[in-house]
Amino acid sequence: MNGRVKLHESWKTPLAGEFASDHMIALRNFLLQEKAAGKQIYPKSEEYFRALDLTPLDRVRVVILGQDPYHGPGQAHGLCFSVQPGVRPPPSLVNIYKEMESDLGLARPPHGFLEHWAEQGVLLLNSVLTVEMANAASHRGKGWEQFTDAIVRLIAAKPEPVVFLLWGSYAQKKAAFVQSIEQGGHHLVLKAPHPSPLSAYNGFFGCRHFSKTNAFLEKNGLAPIDWSLPYTNR
């Protein structure tokens, strides 16, 4: 979107048509107008595509879909559910950790920084990649959804098997076209309610998606994900 944007080379050619599309041009203009009006946008512009920068297309093994970036100061840094070091993990992430602890026996991390997952091939993709400070969902319908739909389509077209973790109805609708094993495809699609405190007790707790993901990856000759999150002071 500007000269400071960082994006791994593996995505640039497949997404070239998207960056030149009318909806992305309109989105770019919208963001420029918002900044010119003095509005604070999260995350920083160089982190809009942080998820794509950390997780190359050819290394994607798992996809976790979110909705919008966090809109509080110092939280968002371009990965869904993740917050920067030193920021208290939000409630949904706390519930993710609770399920991870129950499923895998891993102690709950003291931080909410998920880059360790992204560096292993877990694409932590929000549907909308920017938000105005203190104004939740303020950038929906501006073009990001079409862009991230194209990303999901690219991954769904990969010949290698990928695990899609779809938590909540929003994520499930966004990736509804992904052909699961049950539908004759080769991807594992795991669905559960959103980990939000409002819905986690309706089936997110006990879904065991972390162990199921690793079992599938290993069955297909791929390395499992190390879901533990070493402490970081970055």
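This write-up is about the structure you can find in this document.

1. What to know about the packing of helix α5 (residues 91–104) against helix α9 (residues 209–219)
Where α5 contacts α9, the axes come no closer than 8 Å and their chain directions differ by 60°. Between α5 and α9, the angle falls in the class oblique. Counting all contacts with α5, which are made through Ile96, Glu99, Met100, Asp103 and Leu104, the residues of α9 involved are His209, Phe210 and Ser211. Among the residues making up the contact of α5 with α9, the classes are represented as 4 nonpolar, 2 polar and 2 charged.

2. Brief notes about the nonpolar core
Among the nonpolar cores identified, the biggest contains 68 residues, and Trp11, Ile64, Trp117, Leu123, Trp144, Phe147 and Ile155 are the most heavily contacted of them. By residue number, the principal contributor to this core is helix α7 (residues 144–156), which donates 7 residues. Not counting the four nearest positions on each side in its chain, Ile64 is found in contact with Cys80, Phe81, Trp117, Val122, Leu123, Leu124, Leu125, Leu165 and Trp167.

3. A closer look at α9
Burial in α9 covers these residues: His209, Phe210, Ser211, Thr213, Asn214, Phe216 and Leu217. Elements that come into contact with the buried residues of α9 comprise β2 (62–66), α5, α6 (115–118), β5 (163–167) and β6 (188–192). Looking at the residues trailing α9, positive phi occurs at Gly221, about 75°.

4. Looking at the packing of helix α3 (residues 22–36) against α7
The interhelical angle for the contact between α3 and α7, taken along N-to-C directions, is 130°, at an axis separation of 9 Å. On the basis of their axis angle, the class for α3 and α7 is oblique. Every pair of crossing elements has a handedness; the one defined by α3 and α7 is left-handed. Contacts between α3 and α7 involve His23, Met24, Leu27 and Leu31 from the first element and Trp144, Gln146 and Phe147 from the second. Looking at side-chain class alone, the contact of α3 with α7 contains 5 nonpolar, 2 polar and no charged residues.

5. Structural notes on the packing of aromatic side chains
Scanning the model with the defined rule gives 15 aromatic pairs in all. Ring centres of Phe210 and Trp227 lie 4.9 Å apart, and the angle between their planes is 75°; on these two criteria the pair is classed as edge-to-face. Residue Phe210 is found in helix α9, and its partner Trp227 is found in the segment after α9; the two are separated by 17 residues along the sequence. Connected via pairs of aromatic rings, a cluster forms that spans Phe81, Trp117, Trp167, Tyr201, Phe204, Phe205, Phe210 and Trp227.

6. Brief notes about the pattern of salt bridges
Tallying each qualifying case throughout the model produces 9 salt bridges. For Lys39, the salt bridge identified is with Glu34, shortest N-O distance 3.3 Å. Its relative accessible area of 34% is what places Lys39 among the partly exposed residues. Exposure remark for Glu34: the relative accessible area of 12% places this residue in the buried category. Residues participating in the shared-partner salt-bridge network are Arg50, Asp53 and Glu115.

7. A closer look at the sheet that holds strand β3 (residues 122–126)
With parallel pairing, 4 strands are arranged side by side in an open sheet as β3-β2-β5-β6. Where the open sheet ends on each side, the last strands, each with one partner, are β3 and β6. Averaged over neighbouring strand pairs, the angle between their axes works out to 20° when direction is ignored. Where β5 meets β6, 5 bridges bridge the pair, whose relative direction is parallel. Each bridged residue has a counterpart across the sheet, and for Trp167 the counterpart in β6 is Ala192.

8. What to know about unusual backbone geometry
The bulk of non-glycine residues show a negative phi, and the bulk of peptide bonds are trans. A cis amide bond links Tyr42 to the next residue, Pro43, at an omega of -10°. In this fold, Pro43 is placed in the loop between β1 (41–42) and α4 (50–54). We note that Ala134 has phi near 60°; this positive angle belongs to a residue other than glycine. Turning to its location among the elements, Ala134 is positioned in the loop between β4 (131–132) and α7. A residue is classified by how much of its surface remains accessible, and Ala134, at 62% relative accessible area, is exposed. Unlike most non-glycine residues, Arg208 shows phi in positive territory, near 55°. If you trace the backbone, Arg208 turns up in the loop between β6 and α9. Its relative accessible area of 44% is what places Arg208 among the partly exposed residues.

Reading the values: the criteria
Residues numbered from 1 in each chain as written. Predicted model: local features only at pLDDT ≥ 70, side-chain atom pairs only at ≥ 80, totals over all residues. Heavy atoms only, no water. Axes fitted to C-alpha atoms, helices over the stretch in contact; angles between N-to-C directions. Helix = DSSP H or I, 4+ residues; strand = E, 2+ residues; numbered from the N terminus. Parallel < 35°, antiparallel > 145°, perpendicular 65-115°, else oblique. Contact = heavy atoms within 4.5 Å. Nonpolar A, V, L, I, M, F, W, Y, C, P; charged D, E, K, R; others polar. Core = buried A, V, L, I, M, F, W, Y, C linked by side-chain atoms within 4.5 Å. Buried < 20%, exposed > 50% of the residue type's maximum accessible area, 1.4 Å probe, protein only. Left-handed = near helix turned anticlockwise from the far one by under 90°. Phe/Tyr/Trp six-rings, centres within 6.5 Å; stacked < 30°, edge-to-face > 60°. Salt bridge = Lys/Arg side-chain N within 4 Å of Asp/Glu carboxyl O. Pairing = 2+ DSSP bridges.

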